[in-house]
Number of protein chains: 2
Amino acid sequence: MATLSDVAAEAGVSPTAVSRYLNNRIELPQATRDRIDAAIAKLDYRPNLLARRLSTGKAEAISLVTPDIANPFFAELAAAVERQAHERGYAVYISSTQGHADNEIDAIRRMADSHVDGLILTTNRVDDGTRAALLADRGNVVLLDEDIPGVSVPRIFVENEAGSYAATRHLIDMGHADIALIGGPPRLMSVTERLAGFSRAMEEAGLPIRPGWVLLGDYTREHGAAATSILLDSPSRPTAILACSDYIALGVGQAVRRQGLSIPEDLSLVGFDDMAFAELVHPALTTIRQPVGEMGRLAVTYLLALLEGQTPAPPPETRLPVELIARQSVAPPRHKAIS
Amino acid sequence: MATLSDVAAEAGVSPTAVSRYLNNRIELPQATRDRIDAAIAKLDYRPNLLARRLSTGKAEAISLVTPDIANPFFAELAAAVERQAHERGYAVYISSTQGHADNEIDAIRRMADSHVDGLILTTNRVDDGTRAALLADRGNVVLLDEDIPGVSVPRIFVENEAGSYAATRHLIDMGHADIALIGGPPRLMSVTERLAGFSRAMEEAGLPIRPGWVLLGDYTREHGAAATSILLDSPSRPTAILACSDYIALGVGQAVRRQGLSIPEDLSLVGFDDMAFAELVHPALTTIRQPVGEMGRLAVTYLLALLEGQTPAPPPETRLPVELIARQSVAPPRHKAIS
DNA sequence: TATCGTTAGTAAAGCGCTTTACATGATGAT
DNA sequence: ATCATCATGTAAAGCGCTTTACTAACGATA
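Asker: I'd like a description of the overall build of chain A, backed by residues and values.
Answerer: If you tally the helices and strands in chain A, you get 12 helices and 12 strands. In terms of C-alpha radius of gyration, chain A reaches 26 Å, well past the compact-globule figure of 20 Å for 339 residues. Across its three principal directions, the C-alpha atoms of chain A cover 90 × 35 × 35 Å. Counting all 339 residues of chain A, 55% fall into the buried class. Total accessible area on chain A stands at roughly 13,900 Å², and carbon and sulfur atoms take up 51% of it. Separation between the mean location of the 32 positive side-chain charges and that of the 42 negative ones in chain A comes to 2 Å.

Asker: Could you give an account of the interface of chain A and chain B, naming the residues involved and the relevant values?
Answerer: Reports of interface size often rely on the accessible area that becomes lost once the parts have come together. Chain A puts 38 residues into the contact, and the matching count from chain B is 38 residues. Around 3,500 Å² of area is buried between chain A and chain B when both sides are counted, 59% of it from carbon and sulfur atoms. Linking chain A with chain B are 2 salt bridges. The interface formed by chain A and chain B contains 7 residue pairs in polar contact (both at pLDDT 80 or more). Listed by contribution, the elements that provide at least two residues to the side of chain A that touches chain B are α4 (49-56), α5 (72-87), β2 (91-96) and α6 (101-112) of chain A. A per-element tally of the side of chain A that touches chain B places α5(A) first, with 7 residues. Residue composition of the side of chain A that touches chain B, grouped by class: 20 nonpolar, 8 polar and 10 charged.

Asker: So what's going on with the protein's contact with DNA strand D? Residues and values would help.
Answerer: The environment of DNA strand D is made up of 25 residues, and the closest members are L4(A), S19(A), Y45(A), S14(B) and T32(B). A breakdown of the atoms of DNA strand D within 4 Å of the protein gives sugar and phosphate a share of 60%. Side-chain polar atom of Y45(A) to a phosphate oxygen of DNA strand D: 2.6 Å apart, as the coordinates give it. Contacts to DNA strand D include S55(B), whose side-chain N or O atom sits 3.2 Å from a base nitrogen. In terms of residue count, α4(A) provides more of the surface near DNA strand D than any other element does, 4 residues in total. Of the residues contributing to the surface near DNA strand D, the split by class is 10 nonpolar, 11 polar and 4 charged.

Asker: Could you give an account of the packing of helix α5 (residues 72-87) of chain B against helix α12 (residues 292-307) of chain B, naming the residues involved and the relevant values?
Answerer: Residue and element names in this part refer to chain B. In contact at an axis separation of 8 Å, α5 and α12 are set at 45° when each is read in the N-to-C sense. With respect to α12, the element α5 is oriented oblique. As α5 runs across α12, the sense of the crossing is right-handed. Packed against α5, whose contacting residues are F73, E76, L77, A80, V81, Q84 and A85, the element α12 presents V292, G293, M295, G296, R297, V300 and T301 at the interface. Counted by class, the contact of α5 with α12 contains 8 nonpolar, 4 polar and 2 charged residues.

Asker: Can you lay out the relation of the copies chain A and chain B for me, pointing to particular residues and giving the numbers?
Answerer: Expressed as a screw transformation, the operator carrying chain A onto chain B has a rotation angle of 180° and an axial translation of 0.0 Å, and the superposed copies differ by an RMSD of 0.1 Å. Interpreted geometrically, this transformation is the action of a two-fold axis. Across chain A, the rotation axis passes nearest the C-alpha of V281(A), at a separation of 2.1 Å. A high fraction, 100%, of the interface residues of chain A reappear at the interface in chain B, so the copies pair face to face through one surface.

Calculation rules
- Residues numbered from 1 in each chain as written.
- Chains lettered and ligands numbered in written order.
- Predicted model: local features only at pLDDT ≥ 70, side-chain atom pairs only at ≥ 80, totals over all residues.
- Heavy atoms only, no water.
- Helix = DSSP H or I, 4+ residues; strand = E, 2+ residues; numbered from the N terminus.
- Rg over C-alpha atoms; globule rule 2.2 N^0.38 Å.
- Buried < 20%, exposed > 50% of the residue type's maximum accessible area, 1.4 Å probe, protein only.
- Areas by Shrake-Rupley, 256 points an atom, 1.4 Å probe, with all protein chains shown as cover.
- Lys, Arg positive; Asp, Glu negative; His and termini not counted.
- Charge placed at Lys NZ, Arg CZ, Asp CG, Glu CD.
- Contact = heavy atoms within 4.5 Å.
- Buried area = accessible area lost by both parts, 1.4 Å probe.
- Salt bridge = Lys/Arg side-chain N within 4 Å of Asp/Glu carboxyl O.
- Polar contact = N/O pair within 3.5 Å; in protein donor to acceptor, adjacent residues only side chain to side chain.
- Nonpolar A, V, L, I, M, F, W, Y, C, P; charged D, E, K, R; others polar.
- Near = heavy atom within 4 Å.
- Axes fitted to C-alpha atoms, helices over the stretch in contact; angles between N-to-C directions.
- Parallel < 35°, antiparallel > 145°, perpendicular 65-115°, else oblique.
- Left-handed = near helix turned anticlockwise from the far one by under 90°.
- Least-squares fit on C-alpha atoms with pLDDT ≥ 70 in both.

The following block contains the structure:
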């Protein structure tokens, strides 16, 4: 690999001149420029980014930390982040933590080690304080999708409460009164909020939330299936389930089929996320769409604003709207007519 | 951030001593070790990876280049690669090229710039020679899933030919004779091979491949739908379609529904890949499963063997077996009884 | 002619680490 | 007492780049 000095020697100037020329920090006469350009071409020179980073302290790269890149929701988020970052001339390093807090901590460290300029962090685990401590007062982090309480960095979330409110209303409007909720990890912001929206809609409609009909656990198919089995095995079954994620909804569908029942005839189902597969499953899943592309785009925009010290500074918290996508997994309950 | 020199000063030794101690390149008496350890703890020192890399020329990181991280097939591949690489102490940088050859070239360059030690490359575009030229004679690249002809690096592919042979046989065994194939980009290795397996099975069974019934295009839903419409609009329709990817199969399903027909009653369908959604769509998709986890694992193993100059060197080409997963998208053709 | 301002650069330090080659003092053998 | 050896380190160069501060040469101006 040719180095800057090689180029300088070839062009008959000092390395300084070449460096400054390449960074537009000097005006050179055409003749000199031509000689340098020729030398670069001849030697096939490309700057060593590592050296440049070490020297400048800037990486022109950001890192996206995600729980699981094989999860379509995060994969799509990643694609959106990449698109926007590349547009702004930044490279993106994606790492997926497989649910291990250690990996998340590693990624945060790596950033602190000036590996990248900033970090977009998505998580799906409740913080025990470690990550909050690591992130506190950093000027180069944006939290996306899920909160880590006690960290004062820009945050981008969706209207979780409004989303599950709309989902619940949709079920109620269809005539359902016996509605259960299957959610993710307790104390996780999205879960708390989605539960709140559910509760508000139920209360407004004068409907009770039955004891044992709010089953929090994990954002997984397995939890969805297990919780559904519990619900279906109990003496009084719900006529509808609000799943706090499409993954959970998938598990619900599985368990329902295993019992020989079918959606939406025997049970109505609403998901959350609108992952790509939601319209492909049978029956197509009614769900709450998160604006994944916009979330990724905005996260990058905010992060770069932070990094480049622009005005206006990003707001401390932004909520993106969600949207009810009505498909085929919801129908009126069997034993009740639509009003 | 504390530096090595800070630690050395704090511990009352030279930076050399600290560096060598941290890299196990020196034996120090317990007392000195303790002082250094204490200094590191006190200053919360962590080595600057950039500096280390610049100095050693080793990055302890590899890069995975993928056409589209939002594609579940590549997302799962990425997850597998990450898992294995982390196990071996390497970081993984994923970049997705969004189908742009430029981005692929960038990624290759970045590696050459000693950003990472090696590269696992997956592609889905036919090479025009540029990438082959860039990769020629590199000792730190592994090709995964799809070939770039003329590059002599280790390659990991699946048994494409055997896969679509099995798929076609499965259709023939069910009584189908009128089978069409919808494939990806012409001249892409996987497409050529899958077409070959299809042809072999048809020939063996004495079945003709009708003109116009092999529709190559893209590994996309859109192509699947468009090709299917053409097939369904023609006077003589196939009774079964072999789609060269699950994405294509999705498009087939869409087009079939649009015509008011249904799978498998009116048309049988086999996909390729067994992406996560394959068992979730309606009807559940019969498809050829690729061993994604094993592919990712092996790619990392081969790459690290290359990097660390181990024996045995990885074989030039490895083929992983695929497996027919029979689900509900295949049934006997309407007008024919099963023999 | 002395001064000033430009133009066209350059020397050298520094980013934080590794590594090679060498140094110092204590110990043991002769 | 002397020499070799070992244990315990250290000095300094170098990875490839940026950047600050400086300068040589030249023409224009007072």
